[in-house]
Every structure is written in structure tokens, then in C-alpha cells.
Amino acid sequence: MRVGFLQALSSIGILVFSVCTMLAVGLSHTLRELAAPLLDSRGAIRALVVNFVLVPLLAYGVVQVVPLDRSHATGVMLIGMGAGALFLMRLTAVAGGNMPLSASLTVLLMLATVLYLPLVVPRVVPDVKVRPAAIALPLLWTMILPLGVGLYVRTRHQALAERLRPWLGKLAMVALAVLVAATLVANFGGVVRIIRTGAIFAPLILIPGAFGIGWVFGREYRGGHVVLGLGTGQRNIAAAMVVATQGMGDQNAEVMVVVSSLVGFAVLFPIAWLLARRSRRQRPLRHGGMVRA
């Protein structure tokens with residue numbers, strides 16, 4: 001009974017986390033701001049190729065190299081295929097990066113993920129028998145609809161949007177903590193197995209590798225390498241969890257997604273902090289004309 005309760009708590013956590021986060025994004029920005037990435041067609045195409053071609057290929061390579069059972073491989077592939085990190089804006093703030101760009105990139109990749117996962121997951125993940133609608137509908141209800149509601153409220157009732165936004169952010173953080181804790185406790189044996197069998201090396205390779213790909217392909221744009229690097233490294237945990245829990249019902253894949261999310265936090269927040277330190281050191285030099293931005 002305790003395991004069943006924890007699993008139900010985990011499902012509620014992912015629902016609340018996704019809905020509150022997307023509501024907060026909608027309450028924080030206008031539709032014009034969120035559509036900004038589409039105005040830079042080269043940048044948008046670059047971000048889409050990096051996140052939906054190169055990183056999935058990296059994930060596929062990782063699951064070929066690291067010994068994984070089928071469910072854990074599924075979890076790694078879901079992480080590799082889901083982009084649009086809900087934590088990108090927080091990581092960008094830590095790194096001192098371009099916040100408007102991070103918000104725009106987040107929404108662009110989220111919208112693309114909702115279209116991409118239902119089409120690709122049934123074809124890429126071995127032996128998964130799931131209809132595209134079973135993946136698309138939960139993503140639409142938990143991500144796109146709340147985003148639309150948030151945008152509507154901001155347009156019609158901006159004062160209300162400003163009051164609600166901080167509370168939704170706090171509620172999303174609590175829900176994430178509940179989700180991670182409940183999933184880890186309910187599946188403690190599975191987490192230990194991921195570590196003991198060496199499956200933990202899969203996200204330890206995938207997350208830094210994805211960051212590196214984003215960093216390299218973002219260097220053409222001023223400040224874009226920071227945002228695209230962090231945005232590519234921090235995968236869409238919410239979408240991956242929705243697919244694993246509601247689209248597939250694969251508990252071991254869900255545990256791998258949670259473990260991968262913890263690896264992402266452990267790897268990317270220190271990187272963001274180091275980028276901030278690097279930026280602070282270079283700022284006086286740039287003002288003196290010694291370093292090119």
C-alpha cells in the first residue's frame with residue numbers, strides 16, 4: 001500500500017509541476033516574446049537540429065555503448081528526445097546569461113517536443129507499443145493548455161498574473177521535490193540497481209555531451225552559446241516523465257528519468273556557476289578592449 005501511495009504521489013507531483021511551470025511561463029511573457037525565436041530562422045533551425053537530431057543520436061549511441069536493460073534504455077532515449085528544459089531560465093540566471101533568449105528557447109523547444117515525441121517515440125524505442133495520441137494528449141493537457149491559459153490571463157488581467165506567478169513558481173518547486181522524493185523512495189531498489197550496474201554512466205555521458213553540442217553550435221551568436229549549451233544539456237524532464245508514466249506506464253524507465261534529472265542538476269548547476277565566474281572575470285577585460293565579446 002505504501003508503494004502505491006508513493007506512486008500516486010509521484011503522478012500528482014509531475015502533474016502539478018508541469019501545469020504550474022507552464023502557467024508561470026504564460027503569466028511571465030507575452031505571445032510576441034515567446035514567438036521571438038521564430039524571427040531568427042537560422043537560430044531556431046540550429047536549436048531544433050541540435051536538440052531533436054544530434055542529441056537523440058547521442059542518446060542512441062550512449063545506449064549502444066553503456067550496458068542497459070530495455071527499460072533503462074527507454075528512459076535514456078526519452079531524456080535524449082525531450083527538449084525544452086523547464087529549469088533553463090533558472091540555470092541561465094545562475095550563469096548570468098540572456099534571460100529573454102532562454103525563455104524564448106524554452107517555449108520553442110517545448111512546443112517542438114509536444115509534436116516530436118508522439119511521432120518519434122513509437123518508432124525509435126524498441127518494442128514500445130503505444131499510440132501517438134497516448135503520448136500527445138497528456139503533453140497537451142499538462143503543458144500546452146496551461147501555457148495558453150497563462151498567456152490569456154496575462155493579456156486580460158496583468159495584475160492578477162503578477163500576483164499568481166511567484167506562488168506558482170514556489171508550488172512547482174514543491175511539486176518537483178515531492179515528485180523526486182516519492183519516486184526515489186518508491187523505487188529505491190531500482191535507483192540502487194542503476195548505480196550498482198553502472199547504468200548511471202548513461203546520463204553522466206549524455207548530459208555533459210548534450211551541453212557540449214549546444215555550446216559548440218551556439219557560439220555563432222552573442223551569448224547564445226551559454227543559453228543553447230545549458231538548454232540542450234538540461235533535457236525536458238517533465239515531458240519525459242509524462243510519457244514514461246502516462247504514455248507507457250514503464251516504472252523502471254521513470255526511475256531512469258528521475259535519476260537522469262538529478263544527474264542533470266548535479267552537472268549543469270556547477271557549469272552555470274563556472275560560466276558566471278568566467279563572465280565576471282572577463283567583464284573588466286572587455287571594457288578595456290582586450291577581449292572580444
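Keep in mind that this is a model prediction, so the values were computed, not measured.

Basis of the calculations
- Every residue gets a number counted from 1 within its own chain, in the order that chain's sequence is written.
- Local features in a predicted model are, by the rule used here, given only for residues with pLDDT of at least 70; side-chain atom pairs are given and counted only at 80 or more, and totals for whole chains, interfaces and linings are based on all residues.
- Excluded from the side-chain calculations are hydrogens and water; all other atoms, namely the structure's heavy atoms, are used.
- Only DSSP runs of H or I reaching four residues or more are called helices, and only runs of E reaching two or more are called strands; each is numbered from the N terminus.
- Accessibility here uses a 1.4 Å probe with only protein chains present; expressed as a share of the type maximum, an area under 20% marks a residue as buried, one over 50% as exposed, and anything in between as partly exposed.
- Contacts were defined at the residue level, with two residues in contact if any of their heavy atoms lie within 4.5 Å.
- Working definition of accessibility: Shrake-Rupley area with a 1.4 Å probe, residue cover restricted to the visible protein chains.
- UniProt positions are given in the numbering used here, feature names are shortened, and annotations may be inferred rather than shown by experiment.
- Directions drawn from the helix axis to the C-beta atoms are what define this arc.
- Side-chain atoms within 4.5 Å link the members of a nonpolar core, which is a set of buried Ala, Val, Leu, Ile, Met, Phe, Trp, Tyr and Cys residues.
- To count toward a patch, a residue needs a relative accessible area above 30% and no salt bridge. Like charges then connect within 9 Å, nonpolar side chains (Val, Leu, Ile, Met, Phe, Trp, Tyr) within 5 Å.
- Think of a salt bridge as a Lys or Arg side-chain nitrogen and an Asp or Glu carboxyl oxygen that are within 4 Å of each other.
- In this tally Asp and Glu are treated as negative and Lys and Arg as positive; neither His nor the chain ends contributes.
- By convention, the charge on Lys lies at NZ, on Arg at CZ, on Asp at CG and on Glu at CD.
- A helix is expected to span 1.5 Å multiplied by its residue count minus one.
- The quantity called bend is, for any residue, the angle between two axes fitted respectively to the seven residues ending at it and the seven beginning at it.
- Working definition: a ring pair exists when centres of Phe, Tyr or Trp rings (six-membered ring for Trp) sit within 6.5 Å. Plane angles under 30 degrees give stacked, over 60 give edge-to-face, the rest tilted.
- Here, a charge over a ring is recorded when the distance from Lys NZ or Arg CZ to the ring centre is within 6 Å and its angle to the ring normal is within 35 degrees.

A. Broad picture of the overall build of the protein chain. Of the regular secondary structure elements, the protein chain holds 14 helices and zero strands. Looking at the protein chain as a whole, 52% of its 293 residues are labelled buried. Pairs at least 24 apart in sequence give 82% of the contacts found in the protein chain among residues at least 6 apart. As displayed, the protein chain offers around 13,900 Å² of accessible surface, 68% of which is attributable to carbon and sulfur atoms.

B. Expanded view of the UniProt feature "transmembrane region" (unreviewed entry) in the protein chain. Under the present numbering, the feature "transmembrane region" (unreviewed entry) in UniProt falls on residues 12-31, 43-63, 75-95, 101-121, 133-153, 173-192, 199-218 and 255-276. The distance from the first to the last C-alpha atom of residues 199-218 is 30 Å, and the span holds 90% helix and 0% strand.

C. Broad picture of helix α6 (residues 88-95). Within α6, the full set of buried residues consists of Leu-88, Met-89, Leu-91, Thr-92 and Ala-95. Viewed along the axis of α6, the buried residues span an arc of 160°, placing them on a single side of the element. The first or second residue beyond α6 is Gly-96, which carries a positive phi of 70°.

D. The arrangement of the nonpolar core in detail. Core analysis: the largest hydrophobic core is formed by 87 residues, its most contacted members being Phe-17, Met-81, Leu-117, Leu-139, Leu-230 and Leu-268. Considering each element in turn, this core owes the most residues, twelve residues, to helix α14 (residues 251-287). Once residues lying within four places of it in the same chain are set aside, the contact partners of Leu-139 are Thr-113, Val-114, Leu-117, Ile-144, Ala-239, Val-242 and Val-243.

E. Quick peek at a positive patch on the surface. A contiguous patch of positive charge on the surface is contributed by Arg-219, Arg-277, Arg-278, Arg-280 and Arg-281. Looking at the element boundaries, Arg-280 is found in helix α14. With a relative accessible area of 47%, Arg-280 lands in the partly exposed category.

F. Just helix α4 (residues 41-65), in detail. The end-to-end C-alpha distance of α4, which contains 25 residues, comes to 35 Å, matching closely the 36 Å that a straight helix rising 1.5 Å per residue would cover. Residue Val-50 marks the point of greatest curvature in α4, where the axis turns by about 30°. Buried within α4 are the following residues: Gly-43, Ala-44, Ala-47, Val-50, Asn-51, Phe-52, Val-55, Pro-56, Ala-59, Val-62 and Val-63.

G. View of a nonpolar patch on the surface. Taken together, the side chains of Leu-137, Leu-140, Trp-141, Leu-145 and Val-149 make up a nonpolar region of the molecular surface, amounting to roughly 480 Å² of accessible area. Checked against the element boundaries, Val-149 lands in helix α8 (residues 132-156).

H. Just the packing of aromatic side chains, in detail. Applying the stated rule across the entire model yields three aromatic pairs. Summarising the aromatic geometry, the rings of Phe-52 and Tyr-116 are spaced 4.7 Å apart at their centres and angled 50° between planes, so their arrangement reads as tilted. Pair noted here: Phe-52 is in helix α4 and Tyr-116 is in helix α7 (residues 99-124), with a separation of 64 residues, a long-range link. The same class applies to Phe-52 and to Tyr-116, which are both buried. An angle of 55° between the planes, with centres 6.3 Å apart, marks the rings of Phe-265 and Phe-269 as tilted. Residue Phe-265 and its partner Phe-269 are located together in helix α14, separated by four residues, close to a single helical turn. Here the guanidinium or amino end of Lys-170 rests over the ring plane of Trp-167, the centre of that ring lying 4.9 Å away.

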